[in-house]
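# A structural walkthrough
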Amino acid sequence: MTEDALTRPGGQGLTVAPTTAPGAGTLLQLLRDGRPRTRSELASVTGLARSTVTQRVDALLSSGLIGPTGEAVSTGGRPPTTFSFRPDARVVLAADLGATHARLALTDMSGAVLAEERADLDIALGPEPVLDWVVERGRGLLEGARRRVDELLGLGIGLPGPVQHSTGRAVNPPIMPGWDDFDVPGYVHDQLNVPVLVDNDVNIMAIGEHHTAWPAASHLLFVKVATGIGCGIVSEGRVYRGAQGAAGDMGHIHVPSGAERPCRCGNTGCLEAVASGAALAAALTGEGVPASGARDVVELSRNGSVPALRALRQAGRDIGEVLAASVNMFNPSVIVIGGALALAGDHLLAGVREVIYQRSLPLATEHLNIVSSVAGESAGVVGAAVMVIEHCLSPEHADALISGALVNGA
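Residues numbered from 1 in each chain as written. Predicted model: local features only at pLDDT ≥ 70, side-chain atom pairs only at ≥ 80, totals over all residues. Heavy atoms only, no water.

## Quick word on the overall build of the chain
Note the cut-off: Each helix corresponds to a stretch of at least 4 residues labelled H or I by DSSP, and each strand to a stretch of at least 2 residues labelled E; elements are numbered beginning at the N terminus. With a 1.4 Å probe rolled over the protein chains alone, any residue whose accessible area is under 20% of its type maximum counts as buried; one over 50% counts as exposed, and the rest are partly exposed. Here a residue-residue contact requires only that any non-hydrogen atoms of the pair lie within 4.5 Å. Note that accessible areas follow from Shrake-Rupley with a 1.4 Å probe, and for residues the cover is restricted to the protein chains shown. In this charge count, Lys and Arg are treated as positive and Asp and Glu as negative; neither His nor the chain ends contribute. The location of each charge is read from NZ of Lys, CZ of Arg, CG of Asp or CD of Glu.
Scanning the chain from terminus to terminus reveals 15 helices and 15 strands. In terms of overall dimensions, the chain has C-alpha extents of about 80 × 50 × 40 Å along its principal axes. Relative to its full complement of 410 residues, the chain shows a buried share of 53%. Long-range contacts, defined as pairs at least 24 residues apart, comprise 62% of the intrachain contacts of the chain with a sequence gap of at least 6. Surface summary for the chain: the accessible area is close to 17,600 Å², and the carbon and sulfur share equals 51%. Side-chain charges of the chain comprise 30 positive and 42 negative groups, with the mean position of each set lying 6 Å from the other.

Encoded structure:
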């Protein structure tokens, strides 16, 4: 992330201000696990002087980010007070914007969803109408939960297209007219005056799935199969975005079964052109089985349509062709299949597993889990919230947050 993105109003992040208690953010990281600790325990763990720990604990108490939780067992004299992280001290807004729908959630600082809503919303309406909806309904969720805007830690947004994460701007998004290079963080910041972070929808879903179901997995691939196909990569427990934020765009890798079918990216034979929800719906319609999108394909499969089931199994094989190369190259411990088509059940997943186990090296698949999404349709909003939480509560930015809380409370 660039210095400009951290300092300019509306940039991807939090304006850095001098802190009255340097290093309090680092102490906060220890307390975020929820375990109550005394000042003495914190001094022992960090190696800091007791007076320094006291100063930082007092700053965290004043900010409201931690609170007293009781008393430890006394070893003589007055029992020492214990302190722990307060995930309810701030709230986070998270938006997962798809091609034709939007999901908005209010969470606490553990990523637990407090309230949410879903609406049909066409991303092609353009950035202002869509983001105005996010802000308006976000204010509504805050009001409904009886939380104030000044209790908002930040807002995370997932977009259905390529995003330069350092600026939060979409870059030549194929299904998002009017969004190219639009200053999403700046536009929303002007209305809410909080940090705004933006990423593509598959990355935030990968974060949400990792947080929800696989927190111990250091290397995970999350594959979204819906209107399009994309992959979120978690490496060493963190999302890997690549040099420009384009990592994981597996939908535009050529596959043998592509038969030179045209893809919306301008090339032919892409995985998305043969295995996405839109591609399957078009193919089924051509066979005399009407379907307008991924959800229709899922509904047909649930009703036992043989052509739909056959198409899903082959789509799984095509996806498996690309993932087999990824398994050999990246060696993940978990592959999660999510998105609208994953709701069809085991048919898609079976095709993926069939090809991966056939074409990948035995060592790479020895302990590999290939599973359906656990977080489901909430993966995106949970991931967008966690993205904001991890950024704003990181040591360098938590110090600024604590300082700002002290100044505002003075």
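More follows now that the structure is in view.
## Some thoughts on the packing of helix 11 (residues 306-330) against helix 12 (residues 346-359)
Cut-off, in case you're wondering: Note on geometry: axes are C-alpha line fits, over the in-contact stretch for helices, and angles between N-to-C directions span 0 to 180 degrees. Throughout, a crossing is termed right-handed when the near helix is turned clockwise from the far one, and left-handed when it is turned anticlockwise from it by less than a right angle. Note that Gly is not counted as nonpolar here; it falls among the polar residues with everything else outside the nonpolar set of Ala, Val, Leu, Ile, Met, Phe, Trp, Tyr, Cys and Pro and the charged set of Asp, Glu, Lys and Arg.
Contact geometry of helix 11 with helix 12 gives a least axis separation of 6 Å together with a crossing angle of 35°. For the crossing formed where helix 11 meets helix 12, the hand is right-handed. Partitioned by chemical class, the residues of the contact of helix 11 with helix 12 number twelve nonpolar, five polar and five charged.

## Things to note about the side chain of Thr167
Condition: Whenever a nitrogen or oxygen atom comes within 3.5 Å of another N or O atom, the pair is scored as a polar contact, on the condition that within protein one atom can donate a hydrogen and the other can accept it, and that pairs from neighbouring residues in sequence are kept only if both atoms are in side chains.
Mapped onto the elements, Thr167 comes out in the loop between strand 8 (163-164) and strand 9 (169-170). Residue class for Thr167 comes out buried when judged on its relative accessible area of 19%. A distance of 3.4 Å separates the side chain of Thr167 from the backbone nitrogen of Arg169, its partner in a polar contact.

## Some thoughts on the pairing of strand 7 (residues 152-159)
In regular strands, side chains alternate between the two faces of the sheet. As a reminder of what qualifies: Two strands form a pair only when DSSP identifies at least two bridges running between them.
Counting buried positions along strand 7 yields eight of eight residues, so the element is predominantly enclosed. As paired elements, strand 4 (residues 91-97) and strand 7 share six bridges and run parallel to each other. Across the sheet, residue Val91 finds its bridge partner in strand 7, namely Leu152. Direction of pairing for strand 7 relative to strand 10 (residues 196-200): parallel, over a ladder of five bridges. What sits directly across from Leu155, in strand 10, is Val196.

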